[in-house]
Amino acid sequence: MGLPVITFRNGATMPQERYNTVWLEENQLGKVIASVSQLPGAVDVLLSDLPLYHQHVQHMNNQAVFEVVDALAAIKAG
């Protein structure tokens, strides 16, 4: 949808998913918070800098949903 995201990183975050939150922050694609109580502040930050976040999101050309099919076919082919 071309919008920044807000996601969680806390004790409930699966270890293999933690790096995704780091990547999100490093690429300024949204905000990472630890709890729901931080949600209003995260929304305020995103809204105050929405053009910047929107620009970063628009520059991402994430094709993973399409690439995964080829990757799985290559793995299967061995």
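In what follows, the structure referred to is the one given above.
Residues numbered from 1 in each chain as written. Predicted model: local features only at pLDDT ≥ 70, side-chain atom pairs only at ≥ 80, totals over all residues. Heavy atoms only, no water.

**Observations concerning the pattern of salt bridges**
Per the stated rule, a full pass over the model turns up one salt bridge. Put simply, Arg-9 and Glu-25 hold a salt bridge, and the shortest N to O gap is 3.2 Å. Within this pair, whereas Arg-9 is found in the loop between strand 1 (5–8) and helix 1 (18–26), its partner Glu-25 is found in helix 1, the two being separated by 16 residues in sequence. The exposure class of Arg-9 is partly exposed, given its relative accessible area of 27%. According to the relative accessible area criterion, Glu-25 is partly exposed, its value standing at 36%. (Salt bridge = Lys/Arg side-chain N within 4 Å of Asp/Glu carboxyl O. Helix = DSSP H or I, 4+ residues; strand = E, 2+ residues; numbered from the N terminus. Buried < 20%, exposed > 50% of the residue type's maximum accessible area, 1.4 Å probe, protein only.)

**Description of the pairing of strand 1**
Two elements, strand 1 and strand 2 (residues 30–33), share four bridges in a ladder whose sense is parallel. Directly across from Val-5, in strand 2, lies its bridge partner Gly-30. Read from strand 1 through helix 1 to strand 2, the crossover connection turns out right-handed. (Pairing = 2+ DSSP bridges. Right-handed = clockwise from strand over helix to strand, strands pointing away.)

**Examining the side chain of Thr-13**
You can see Thr-13 is positioned in the loop between strand 1 and helix 1. A residue is classified by how much of its surface remains accessible, and Thr-13, at 13% relative accessible area, is buried. Of the polar contacts made by the side chain of Thr-13, one reaches the backbone nitrogen of Asn-10; its length is 2.9 Å. Apart from the residues within four sequence positions on either side, Thr-13 is in contact with Phe-8 and Arg-18. (Polar contact = N/O pair within 3.5 Å; in protein donor to acceptor, adjacent residues only side chain to side chain. Contact = heavy atoms within 4.5 Å.)

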